[in-house]
Amino acid sequence: MIGVCIATYNQETYIAQCIESVLAQDYPQNQLEVLFVDGMSSDCTREIVQQYAAQYPYIHLVDNPHTTVPYAMNIGIKRATG
């Protein structure tokens, strides 16, 4: 299992392209987990990630109430199973 942690905050312009890039990989989906650790975005970033997460069970939205990247990475590492 491979876990990927992606820190996000107000990235609605780019987040779908990022997710589509992840989906385009040829790594087996049943061996992949992708955690989008969001710093409580105020735009549509969270909704976009949630839409993809509803379709792809290996994509997860994780809250980062501290909003900064170091916290996001630590939260992602603790949450990851891969």
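Everything numeric here is computed off the predicted structure, so don't read it as measured data.

**Section: the confidence of the model for the chain**
Link 1 in the chain: Of the residues in the chain, 100% reach a pLDDT of 70 or more, and the chain-wide mean stands at 95.
Link 2 in the chain: Confidence scores differ between elements of the chain, with helix 3 (residues 69-79) showing the lowest mean pLDDT of 94 and helix 2 (residues 45-55) the highest of 98.

**Remarks on unusual backbone geometry**
Link 1 in the chain: Positive phi outside glycine occurs at Met40, with the angle close to 60°.
Link 2 in the chain: On the secondary structure map, Met40 appears in the loop between strand 2 (32-38) and helix 2.
Link 3 in the chain: Even without a glycine there, the phi angle at Thr67 is positive, about 70°.
Link 4 in the chain: Along the chain, the position of Thr67 falls in the loop between strand 3 (59-63) and helix 3.

**Some details on the sheet that holds strand 1 (residues 2-8)**
Link 1 in the chain: Spatial ordering of the open sheet is given by 1-2-3, a layout of 3 strands whose pairing is parallel. Looking at which strands have only one partner, the edges of the open sheet turn out to be strand 1 and strand 3. Along the sheet, successive strands turn relative to each other by an average axial angle of 25°, direction set aside.
Link 2 in the chain: In this structure, strand 2 lies alongside strand 3, joined through 5 bridges in parallel fashion. Across the sheet, the residue bridging to Asp38 is Asp63, located in strand 3.
Link 3 in the chain: Packed onto the sheet, helix 2 meets strand 1, strand 2 and strand 3 and runs at close to 145° relative to strand 3.
Link 4 in the chain: Set on the sheet, helix 3 makes contact with strand 1, strand 2 and strand 3; between it and strand 1 the angle comes to about 155°.

Conventions we followed
Residues numbered from 1 in each chain as written. Predicted model: local features only at pLDDT ≥ 70, side-chain atom pairs only at ≥ 80, totals over all residues. Heavy atoms only, no water. pLDDT = per-residue confidence, 0-100. Helix = DSSP H or I, 4+ residues; strand = E, 2+ residues; numbered from the N terminus. Pairing = 2+ DSSP bridges. Axes fitted to C-alpha atoms, helices over the stretch in contact; angles between N-to-C directions. Contact = heavy atoms within 4.5 Å.

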